[in-house]
Amino acid sequence: MAIASEPVLVWGAAFLIAGLIVLPYLLRFRRRVKLDRERKEEAAALGIDKPAAQFPYIDPSRCIGCGACVKACPEGDVLGVVGGTAVVVNGLKCVGHGRCEEACPVGAIQVGLGDLKSREDVPLLDDHYQTTVPGIYVVGELGGLSLVRNAAFQGRRVIEHLPRMEKTPGLLDVAIVGAGPAGLSAGLTAATSGLSYAVFEREETLGGSLLHYPRRKMVLTQRVELPPWGALDREEYSKEVLLDLFEGLVRDHTLDVRFGESVQEVQREEDGTFLLRTTRGEEVRARAVVLALGRRGTPRKLGVPGEELSKVMYRLMDAEGYRDQKILVVGGGDSAAEAAIGLSCQSGNVVTLSYRRNKLVRLKKKNQDALDALLASGKIKPLFGSQPVEIASDRVKLKVKEQEVELPNDWVFVFAGGVPPFDFLKKLGVRFGGS
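Below is a short write-up of the structure.

Conventions adopted
- Residues numbered from 1 in each chain as written.
- Predicted model: local features only at pLDDT ≥ 70, side-chain atom pairs only at ≥ 80, totals over all residues.
- Heavy atoms only, no water.
- Pairing = 2+ DSSP bridges.
- Helix = DSSP H or I, 4+ residues; strand = E, 2+ residues; numbered from the N terminus.
- Contact = heavy atoms within 4.5 Å.
- Axes fitted to C-alpha atoms, helices over the stretch in contact; angles between N-to-C directions.
- Buried < 20%, exposed > 50% of the residue type's maximum accessible area, 1.4 Å probe, protein only.
- Parallel < 35°, antiparallel > 145°, perpendicular 65-115°, else oblique.
- Left-handed = near helix turned anticlockwise from the far one by under 90°.
- Nonpolar A, V, L, I, M, F, W, Y, C, P; charged D, E, K, R; others polar.
- Core = buried A, V, L, I, M, F, W, Y, C linked by side-chain atoms within 4.5 Å.
- Phe/Tyr/Trp six-rings, centres within 6.5 Å; stacked < 30°, edge-to-face > 60°.
- Lys NZ or Arg CZ within 6 Å of the ring centre and 35° of its normal.
- Salt bridge = Lys/Arg side-chain N within 4 Å of Asp/Glu carboxyl O.
- Expected span 1.5 Å × (residues − 1).
- Arc of directions from axis to C-beta.

Turning next to the sheet that holds strand β24 (residues 411-414). In spatial order, the strands read β17-β24-β18-β19-β20; together these five strands make up an open sheet with parallel pairing. Where the open sheet ends on each side, the last strands, each with one partner, are β17 (312-313) and β20 (380-384). Pairing of strand β18 (residues 326-330) with β24, which is carried by four bridges, proceeds in the parallel orientation. In the strand pairing of β24, valine 329 is matched with phenylalanine 413. Here helix α7 (residues 334-344) sits on the sheet and contacts β18, β19 (350-355), β20 and β24; the angle it forms with β18, its principal contact strand, is near 165°.

In structure tokens form, the structure reads like this:
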């Protein structure tokens with residue numbers, strides 16, 4: 001009798017052990033699915049689940065719902081698993097890392113741009129980043145994709161695509177406008193390919209958008225090739241290290257970068273070449289033009305009384321220079337979050353963050369985590385659902401959910417985005433989605 005019961009005991013023990021292992025997993029899995037479904041519904045209500053710029057496209061017929069993409073994403077909540085399939089939860093947070101694509105074991109994800117046919121803020125480009133005007137190319141952020149890696153890749157690919165033709169005196173093979181990562185990569189590739197070129201940069205130094213980042217800001221790159229220098233193979237570089245590296249490339253390879261010279265006009269000639277006029281009165285002819293202008297353009301302003309005061313700033317270069325100050329930061333993106341974080345860490349500062357929406361929905365994960373901790377500790381005071389209506393020398397007035405609030409104030413930092421150089425492109429005849 002005892003012998004007959006041994007298999008029963010063994011099976012019972014096996015089922016018990018299996019239950020102790022499997023049951024917690026099933027419970028965690030159900031909680032995760034429930035949370036992802038709720039996040040998906042909230043994102044749909046907010047309109048942040050649709051393609052914005054870079055975006056992970058998921059083939060549901062191939063997805064096995066393993067969640068590897070969710071775990072791989074550095075931004076935390078771009079993706080989720082709902083109904084056994086990976087879905088985009090917060091499309092605004094995608095910055096194009098491509099980690100989800102690399103992590104997917106069945107190749108069900110591809111990171112690309114959203115549907116550009118309805119995008120009025122992104123020029124229509126072919127596979128080689130050529131616009132609807134033959135010979136005019138757009139690379140980097142202006143084309144819709146962020147990250148140093150993408151910018152450098154695009155700059156290189158455009159130059160590799162250009163036809164090699166016999167040299168013509170007074171005619172460049174390519175004129176490159178902008179000396180950020182995309183323009184620098186294009187210039188390096190042109191130089192090593194034996195093409196005649198010039199890079200025009202309106203600032204007195206190179207860096208593009210990087211130049212306007214705060215001191216010691218970490219820049220995500222992932223691995224990227226910068227010919228002929230080699231690979232940037234660390235995940236993060238400080239702004240200063242990356243700019244020093246770029247300056248070394250310009251110096252070591254004697255790149256023709258014309259600093260402090262902005263291109264004011266590009267005119268297409270009857271023979272298909274281009275005539276560029278610069279702020280220095282120079283006229284340059286080129287077979288092709290690569291626009292690596294970035295999307296920053298000129299800062300977008302609030303349009304409120306008092307915004308012309310010198311206390312109103314549109315970028316923060318050095319948070320350590322502000323102490324014992326009453327500061328208002330306006331905006332809901334990463335630039336605003338980083339400024340609020342940096343300023344709140346300086347002694348004596350009272351930092352308030354104003355954002356027109358009721359919550360922040362598009363921050364990078366590390367910024368969201370840091371901001372959440374500072375909000376919880378009271379180091380940063382949130383004013384969601386608010387917008388400034390008047391700025392005075394010693395205070396600022398805001399509208400907060402139909403009520404007006406006045407705050408003592410020394411500085412106002414506005415991060416409401418920029419006005420990209422779309423008019424410049426449209427004047428050239430470049431078409432955008434939706435047009």
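Read on, since the account is not over.
Attention now goes to the side chain of threonine 278. Tracing the sequence through the fold places threonine 278 in strand β14 (residues 274-278). A residue is classified by how much of its surface remains accessible, and threonine 278, at 4% relative accessible area, is buried. Every residue in contact with threonine 278, bar those within four places of it in the chain, is listed here: Phe200, Glu261, Ser262, Val263 and Gln264.

This brings us to the packing of α7 against helix α8 (residues 365-377). Interhelical geometry of α7 versus α8 gives an angle of 45° and a closest axis separation of 10 Å. In this view, α7 runs oblique relative to α8, as classed from their interaxial angle. Where α7 crosses over α8, the handedness of that crossing is left-handed. Between α7, through Asp334, Ala337, Glu338, Ile341 and Ser344, and α8, the contact on the second element is made entirely by Asn367, Ala370, Leu371 and Leu374. Each residue belonging to the contact of α7 with α8 can be placed in one class, and the counts come to five nonpolar, two polar and two charged.

In terms of nonpolar packing, the biggest core is built from 29 residues, with Ile159, Val174 and Val290 touching the most fellow members. Secondary structure elements with two or more residues in this core: α4 (148-161), β6 (171-177), α5 (181-193), β7 (197-201), α6 (239-252) and β15 (283-291). The contacts of valine 290, once residues within four sequence positions are left out, are Tyr137, Val139, Val158, Ile159, Val174, Ala175, Ile176 and Val177. Leu142, Ala175, Phe274 and Leu428 belong to the second-largest nonpolar core, a separate cluster that totals 23 residues.

With that out of the way, let us pick up the packing of aromatic side chains. Counting across every chain of the model gives three aromatic pairs. Relative to phenylalanine 413, the ring of tyrosine 322 lies with its centre 5.3 Å away and its plane at 80°, an arrangement referred to as edge-to-face. Of this pair, tyrosine 322 sits in the loop between β17 and β18 while phenylalanine 413 sits in strand β24, placing them 91 residues apart in sequence. Since its relative accessible area comes to 0%, phenylalanine 413 is described here as buried. Taken together, Tyr322, Trp411 and Phe413 form an aromatic cluster joined through their ring pairs. The ring of phenylalanine 432 has lysine 426 sitting right over it, with the charged end atom 5.3 Å from the ring centre.

Under the definition given, this model contains 15 salt bridges. The partner of aspartate 256 in a salt bridge is arginine 258, with the nearest N and O atoms 3.1 Å apart. On the basis of relative accessible area, arginine 258 is assigned to the partly exposed category, the value being 21%. Through salt bridges with shared partners, a single network forms among Lys167, Asp173 and Arg287.

Taking 1.5 Å of rise per residue, the 14 residues of α4 would be expected to cover 20 Å, and the 20 Å separating its terminal C-alpha atoms lies within 8% of that figure. For α4, the buried fraction is high: 10 of the 14 residues fall into the buried class. All buried positions along α4 are accounted for by Val148, Arg149, Asn150, Ala151, Ala152, Gln154, Gly155, Arg156, Val158 and Ile159.

With respect to the helices and strands, the residue glycine 433 is situated in the segment after α9 (422-427). Judged by its relative accessible area of 2%, glycine 433 is buried. Taking C-alpha positions, glycine 433 is 6.4 Å from proline 123, a pair spaced 310 residues apart along the chain.

Bringing α8 into the picture now. Taking 1.5 Å per residue, 13 residues should reach 18 Å; α8 reaches 18 Å between its end C-alpha atoms and fits that length. Residues of α8 that are buried: Asn367, Gln368, Leu371, Leu374 and Leu375. Along the axis of α8, the buried residues cluster in a sector spanning 135°; they form a single face. Residues of α8 that are buried make contact with α7, β19 and β20. Once α8 ends, the next one or two residues include glycine 378, with phi positive near 85°.

By themselves, these figures tell us nothing about what the structure is for.
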